[in-house]
Amino acid sequence: MASSPRPPAAAHRRGLHQRPPSALAYLSVAASLLVLTAVAFSRAGHRFPHPPATRRCRPDAEGSWSAGVFLGDSPFSLEPIEHWGISKADGAAWPVANPVVTCADVEEAGFPSSFVAKPFLFLQGDAIYMFFETKNPITSQGDIAAAVSEDAGVTWRQLGVVLDEEWHLSYPYVFSYKNKVYMMPESSKNGDIRLYRALDFPLKWKLEKVLLEKPLVDSVIINFQGSTWLLGTDLSSYGAKQNGELSIWHSNSPLGPWIPHKLNPIHNADNRLSARNGGRPFIYNGKLYRVGKSQGGGSGHGIQVFKVEVLKSNEYKEVEVPFVINKQLKGRNAWNGARSHHLDVQQLPSGKLWIGVMDGDRVPSGDSVHRLTIGYMIYGVVLVLVLLTGGLIGTINCSLPLRWSLSHTEKRSGLFNVEQRFFLYHKLSSLISNLNKLGSLFCGRINYRTWKGRVYVVVVMLILVVLTCVGTHYIYGGNGAEEPYPIKGKYSQFTLLTMTYDARLWNLKMFVGHYSKCTSVRDIVVVWNKGQPPAQDELKSIVPVRIRVEDRNSLNNRFNIDSEIKTKAVMELDDDIMMTCDDLERGFKVWREHPDRIIGYYPRLSEGNPLEYRNERYARQQGGYNMVLTGAAFMDHGLAFKKYWSKEAEVGRQIVDSFFNCEDVLLNFLFANASLTSTVEYVKPAWAIDMSKFSGVAISRNTQAHYHVRSQCLAKFSEIYGNLTAKRFFNSRGDGWDG
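What counts and what doesn't
Residues numbered from 1 in each chain as written. Predicted model: local features only at pLDDT ≥ 70, side-chain atom pairs only at ≥ 80, totals over all residues. Heavy atoms only, no water. Helix = DSSP H or I, 4+ residues; strand = E, 2+ residues; numbered from the N terminus. Buried < 20%, exposed > 50% of the residue type's maximum accessible area, 1.4 Å probe, protein only. Areas by Shrake-Rupley, 256 points an atom, 1.4 Å probe, with all protein chains shown as cover. Salt bridge = Lys/Arg side-chain N within 4 Å of Asp/Glu carboxyl O. Core = buried A, V, L, I, M, F, W, Y, C linked by side-chain atoms within 4.5 Å. Contact = heavy atoms within 4.5 Å. pLDDT = per-residue confidence, 0-100. Pairing = 2+ DSSP bridges. Axes fitted to C-alpha atoms, helices over the stretch in contact; angles between N-to-C directions. Expected span 1.5 Å × (residues − 1). Patch = residues over 30% accessible without salt bridge, like charges linked within 9 Å, V, L, I, M, F, W, Y side chains within 5 Å. UniProt positions renumbered as here; feature names shortened; annotations may be inferred. Right-handed = clockwise from strand over helix to strand, strands pointing away. Phe/Tyr/Trp six-rings, centres within 6.5 Å; stacked < 30°, edge-to-face > 60°. Disulfide = S-S within 2.5 Å. Polar contact = N/O pair within 3.5 Å; in protein donor to acceptor, adjacent residues only side chain to side chain.

The subject of this paragraph is the overall build of the protein chain. Secondary structure summary: the protein chain contains 14 helices and 32 strands in total. Expressed as a percentage of its 739 residues, the buried residues of the protein chain come to 51%. For the protein chain, the exposed area adds up to about 35000 Å²; of that, 55% sits on carbon and sulfur atoms.

Pasting the structure below:
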């Protein structure tokens, strides 16, 4: 019987011989699509590049620790430095806000760092030195770094790493004794506790002596009632708890020798989870107080204070005392929102104030590992679905060849005789046969050439895309914390101001709930123009909300001079605009660079003769803008509100009332009339939703009529205040945020 002719090889290669797509082809297409999706998604998450001046700490497995300053009339009345309204001469960043020292500051001083933690203060004249642990991301080792402040903790100059050993260092307890300065850092990885003396304070240190041949952690030395006491935790002892044990030694001198306490190790039955030190003990009103760290994620997430009632060589007793420090309620959007585990508090030389320095973290311990684990698990599910789908549509062979069960060696083995080898072959063949039967039940069950099969494939691919995006978000997207952008290593806060009335109450509730979580928002002021104002408890906010009820319904009320506003920056934002916290933070950074300007998110162009009011699309076509809407803009309220309520602006305010429109156009004219340079800056939001489209109560719901009124305003204002001719071009700043 003659065999049927086979197609030529060339024709076979060109695809004339029809075969179902290979597994490799299917997987290549699926993998390519998913990879492209992941790349696009990850790029979307990093849409706006960060200039070098905005470098921020990136969390590692231990978190993203930084340090903040607190001030108060006593150790028990400390408030964050931003609550004191402290300003600096440059005027672009007040009030100064926590954190005051981050890993980015250490990096800019020329020393690699992934976090800053466990800070201690040392006061010398008018200078305040801060010593802290900084983790080197290259060596994964802790070093001791220092910074100095000469303005009571407001600003800090980095001095870099001052002590670096071959082992991990932490907890740099610094104190003075007989006119010499000593440091006792934790060196438990080296198996002992060491004392260093400053040769050239604060940059150069020399090992003075090994105090104890014990791997103590978080140790302190305190002189109290004529004796010197060393308190620390020895985690190497049998049954030691991470935060529940304390050991004590006493001596006549910080240099030793040290005599162990009769009750070592000290266990506190009522407070076992906070026996480990969490900072420097302090004396207040003649009483000794010990700082402990409470149990939490990683190495702790809270501070507790204990009054030491009895401290003798054979007796020790302490009781917990109330200690409430004002802590941010913004969760991971706050620099210390996840946890804090260290506090050092001392009295300033003036004797009027106490200063405290605390570390904090916005990321729980192990968060990065947790997110990576989930992300790669989702990727694993995606791979399984790809393989399963390939089998169901017949692009992947679901049977195993029988030869897999054969021995791949011809050498005789002394371990197996012929019967044993035959038995093994039989078992493997049986297993492969059963697997092939199982595979035949689902392999090729879906015909992807039918419409039902195609619908199935499309649905599965959509699921794969969604899972890939979710997995990519966990791996590359961070933990969702909205971090602020520093200016020269400094942070600040602003007041959010919105104007509304009773018909838009539902908008306001959503507005307050969302924006109160943003990192740099200190207060929210609601300008209530008409109707019955809501009760305070109707607005769910993390930050203080003040409702300012106006006597009459006027758009001029937006810029009323308000002496109760505590920040220099005000973000005027319509209550029907929703955008991300990161958008606000980027705009705030640009304003701090140009505090004499209006920084807004909606550019407009006025041009022509007579002047016409043009939207953003037209402005982009023309390559420039000369106005920004103040319904979403940062400004110096002292400067802007004063201009708006000047004698010069009186006629303009009357025009605003007559049209019930154009208050933002008037402010743009007033700024442009007072400067020969650019007075407005644009920041592009990643996304923004105009909720007025859903409420139907906006004055601009009829766009054409709204623009016509504004063109009339332009004509009147230009006669009074001159023409708006200066333009700023898009993509002119170089940060990618105005494109």
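On we go from here.
All right, on to the pattern of salt bridges then. A full pass over the atoms with the stated rule returns 30 salt bridges. The closest approach of N and O atoms between aspartate 562 and arginine 546, which form a salt bridge, is 2.8 Å. In this pair, aspartate 562 is assigned in the loop between β23 (545–549) and β24 (569–573) and arginine 546 in strand β23, connecting sequence segments 16 residues apart. Assessed through its relative accessible area of 23%, arginine 546 is described here as partly exposed. Taking the shortest distance from any N to any O, the salt bridge between glutamate 572 and arginine 558 comes out at 3.5 Å. Separated by 14 residues along the polypeptide, glutamate 572 in strand β24 and arginine 558 in the loop between β23 and β24 bring together distant segments of the chain. Under the relative-accessibility criterion, arginine 558 is labelled buried at 5%. Several salt bridges converge on common partners, so that one network encompasses Arg546, Arg548, Glu550, Asp562 and Glu564.

Right, let's talk about the nonpolar core for a bit. Counting residues in hydrophobic clusters, the biggest one holds 78 residues, and the most contacted among them are Phe494, Leu496, Tyr515, Leu573, Leu584 and Phe717. Those residues within four positions of leucine 573 in sequence are excluded, and the remaining contacts are Leu496, Leu497, Thr498, Phe511, Tyr515, Met579, Gly631 and Ala632.

Per-chain confidence: the protein chain averages 82 in pLDDT, with 78% of residues scoring 70 or above. Scored below 50 in pLDDT, residues 39–53 shows 23 contacts in the model against residues more than four places distant or in partner chains.

Right, let's talk about the sheet that holds strand β20 (residues 354–360) for a bit. Spatially, the 4 strands line up as an open sheet ordered β2-β1-β20-β19, and their pairing is antiparallel. Edge strands, defined here as strands with exactly one partner in the open sheet, are β2 (79–80) and β19 (343–347). Pairing analysis gives 5 bridges linking β19 to β20, with the strands arranged antiparallel. The partner of valine 345 across the bridge, within β20, is glycine 356.

Here 3 strands make up an open sheet; going across it, the order is β28-β27-β29 and the pairing antiparallel. With partners counted over all chains shown, the strands left at the sheet margins are β28 (612–614) and β29 (627–628), one partner each. Strand direction decides the pairing type here: strand β27 (residues 603–607) and β29, joined by 2 bridges, are antiparallel. Counterpart to arginine 604 in the pairing with β29 is methionine 627. Strand contacts of helix α14 (residues 703–721): β27, β28 and β29, with the helix running at about 130° to β28, the strand carrying the most contacts.

Relative to the 27 Å expected for 19 residues at 1.5 Å per residue, α14 spans 26 Å between its end C-alpha atoms, a close match to the ideal helical length. Among all positions of α14, only His706, Tyr707, Val709, Arg710, Ser711, Cys713, Leu714, Phe717 and Tyr721 are buried. Among the structural elements, β27, β28, β29, α11 (650–659) and α12 (663–673) are those in contact with the buried residues of α14. Positive phi appears at glycine 722, one or two residues downstream of α14, with a value of about 90°.

Bringing a nonpolar patch on the surface into the picture now. Side chains of Trp451, Val455, Val459 and Ile463 sit close together on the surface and give an oily, nonpolar patch of about 410 Å² of accessible area. Judged by relative accessible area, which is 63%, tryptophan 451 ranks as exposed.

What follows concerns the UniProt feature "transmembrane region" (unreviewed entry) in the protein chain. The UniProt record annotates "transmembrane region" (unreviewed entry) at residues 23–41, 376–402 and 455–476. Structurally, residues 455–476 is divided into 100% helix and 0% strand, and its ends, taken at the C-alpha atoms, are 31 Å apart.

Note on placement: lysine 716 falls in helix α14. Residue classification places lysine 716 among the partly exposed residues on the basis of a relative accessible area of 38%. Along the sequence, lysine 716 and isoleucine 655 sit 61 residues apart, while their C-alpha atoms lie 8.3 Å from each other. Those residues within four positions of lysine 716 in sequence are excluded, and the remaining contacts are Ile655 and Phe659.

Here we take up the environment of leucine 639. Positionally, leucine 639 belongs in helix α10 (residues 637–644). With relative accessibility at 32%, the residue leucine 639 sits in the partly exposed group. Along the primary structure leucine 639 and phenylalanine 671 are separated by 32 residues, whereas in three dimensions their C-alpha atoms are 9.5 Å apart. Apart from residues lying up to four places away in sequence, leucine 639 is in contact with Asp596 and Phe671.

A separate point is unusual backbone geometry. With an omega of 0°, the peptide bond between phenylalanine 201 and proline 202 qualifies as cis. Cis geometry marks the peptide bond from glycine 256 to proline 257; its omega dihedral reads 0°. Note on placement: proline 257 falls in the loop between β13 (247–251) and β14 (259–260). Within the chain, tyrosine 171 stands out as a residue other than glycine whose phi angle is a positive 50°. You can see tyrosine 171 is positioned in strand β7 (residues 170–177). Judged by its relative accessible area of 0%, tyrosine 171 falls in the buried class.

On to the pairing of strand β22 (residues 521–528), then. With 8 of 8 residues buried, β22 is to be regarded as a mostly interior element. Read as a crossover between parallel neighbours, the route from strand β21 (residues 494–500) over helix α7 (residues 505–515) to β22 is right-handed. When β22 meets β23, the two strands line up parallel, connected through 5 bridges. Bridge pairing in β23 places tryptophan 528 opposite valine 549.

What follows deals with helix α8 (residues 581–593). In this model α8 runs 19 Å from its N-terminal to its C-terminal C-alpha over 13 residues, within 8% of the 18 Å that 1.5 Å per residue would give. Every buried residue belonging to α8 is among Cys581, Asp582, Asp583, Leu584, Glu585, Arg586, Gly587, Phe588, Lys589, Val590, Trp591 and Arg592, and all of these are buried.

The description of an aromatic ring pair rests on the distance of the ring centres and on the angle between the ring planes. One pass over the structure, following the stated rule, counts 31 aromatic pairs. Considering the side-chain rings of tyrosine 376 and tyrosine 379, the 6.1 Å spacing of their centres and the 70° angle between planes classify their relative orientation as edge-to-face. Pair noted here: tyrosine 376 and tyrosine 379 are both in helix α4 (residues 367–392), with a separation of 3 residues, about one helical turn. Judged by relative accessible area, tyrosine 379 falls into the partly exposed class, the value being 25%. Ring plane angle 70° and centroid distance 6.0 Å describe the contact between tyrosine 625 and tyrosine 682, whose orientation is recorded as edge-to-face.

Let us now look at the state of the cysteines. Under the definition given, this model contains 2 disulfides. The disulfide partner of cysteine 518 is cysteine 581, and the gap between their sulfur atoms is 2.1 Å. With the S-S dihedral at roughly -75°, the linkage between cysteine 518 and cysteine 581 falls on the left-handed side. One end of the pair, cysteine 518, is in the loop between α7 and β22; the other, cysteine 581, is in helix α8, and 63 residues separate them in sequence.

Before going further, it helps to spend a moment on the side chain of asparagine 626. Note on placement: asparagine 626 falls in the loop between α9 (616–622) and β29. Polar contacts involving the side chain of asparagine 626 include one to the main-chain carbonyl oxygen of serine 606, which spans 3.1 Å. For asparagine 626, the residues in contact, after removing those within four places along its chain, are Arg604, Leu605, Ser606, Asn668, Val680, Leu724 and Ala726.

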